[in-house]
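Chain by chain, the residues run as shown.
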Amino acid sequence: MSLRLLSPLLLLALPACGPDAAPAGRFGLALTMERAVADDVQALQVAVLTRGSSRSCTEIQRTCLSAQVKRDELVVLEDAQGREGRALRFPVDLASLQAGGSLELAVDVPVGRDYALVIEAITTGTTPGFLGSSCNYLREVNAGDNAPLIAAPLTLTGGDCNPAIAP
């Protein structure tokens, strides 16, 4: 059963501002989640990897990204509030989403080529838990508006790893 979790989810938006800011790309993104256990999702963690075409999305989705990549393989992102990190975490209000609401995220992604976008579903609390992820190839990120991206289904697989990624 597929649960449409995020109807037009606005991700990868808002170009960087200021004289020293690197150019950033803007995308529209829709995301779906498989299986009814989506009720466990409390946050989404967004990360972008370099050398995307050399990576296997199937392998990436098996466990936490933090257990698979080195910190320097992750692109520094910035959210609409100016928080920066190699992975950004956004709380999810499932009750609102299941009632037909939507979630809007804004993340700056540096202009570049050959990225992989990874969205992880996690539980939050004292020790965050990995529930599953979505992996998508981004061939090119241009400054300003980019073609909309339909994210691969966020498949919940679970795992015994801590998905936290240091800024």
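Throughout what follows, the structure given in this document is the object of discussion. Since the model is a prediction, treat every value here as computed from it, not as a measurement.

1. Considering the side chain of Glu73
Right, so step 1: The topology assignment puts Glu73 in the loop between α1 (57-60) and β5 (77-79).
Right, so step 2: Residue Glu73 is classed as buried on the basis of its relative accessible area of 13%.
Right, so step 3: A distance of 3.1 Å separates polar atoms of two side chains, one belonging to Glu73 and the other to Arg55.
Right, so step 4: If near-sequence neighbours (up to four positions away) are discounted, Glu73 is found in contact with Val48, Leu49, Thr50, Arg51 and Arg55.

2. Side note on the sheet that holds strand β10 (residues 129-141)
Right, so step 1: With antiparallel pairing, 5 strands are arranged side by side in an open sheet as β7-β4-β9-β10-β13. Bordering the open sheet on either side are β7 (88-91) and β13 (155-156), each of which pairs with just one other strand.
Right, so step 2: Sheet analysis places β10 next to β13, joined by 2 bridges and oriented antiparallel. In the strand pairing of β13, Ser133 is matched with Thr155.

3. Quick look at the nonpolar core
Right, so step 1: Residues Val41 and Leu77 are the most contacted members of the largest nonpolar core, which totals 23 residues.
Right, so step 2: Within the residue set of this core, elements represented by two or more residues are β4 (43-49), β7, β8 (107-110), β9 (112-123) and β10.
Right, so step 3: Sorting elements by how many residues they give to this core places β9 first, with 4 residues.
Right, so step 4: Ranked by size, the runner-up nonpolar core spans 12 residues in total, among them Cys57, Leu65, Val69 and Ile165.

Conventions and cut-offs
- Residues numbered from 1 in each chain as written.
- Predicted model: local features only at pLDDT ≥ 70, side-chain atom pairs only at ≥ 80, totals over all residues.
- Heavy atoms only, no water.
- Helix = DSSP H or I, 4+ residues; strand = E, 2+ residues; numbered from the N terminus.
- Buried < 20%, exposed > 50% of the residue type's maximum accessible area, 1.4 Å probe, protein only.
- Polar contact = N/O pair within 3.5 Å; in protein donor to acceptor, adjacent residues only side chain to side chain.
- Contact = heavy atoms within 4.5 Å.
- Pairing = 2+ DSSP bridges.
- Core = buried A, V, L, I, M, F, W, Y, C linked by side-chain atoms within 4.5 Å.

Any functional reading would require information beyond the geometric quantities listed.
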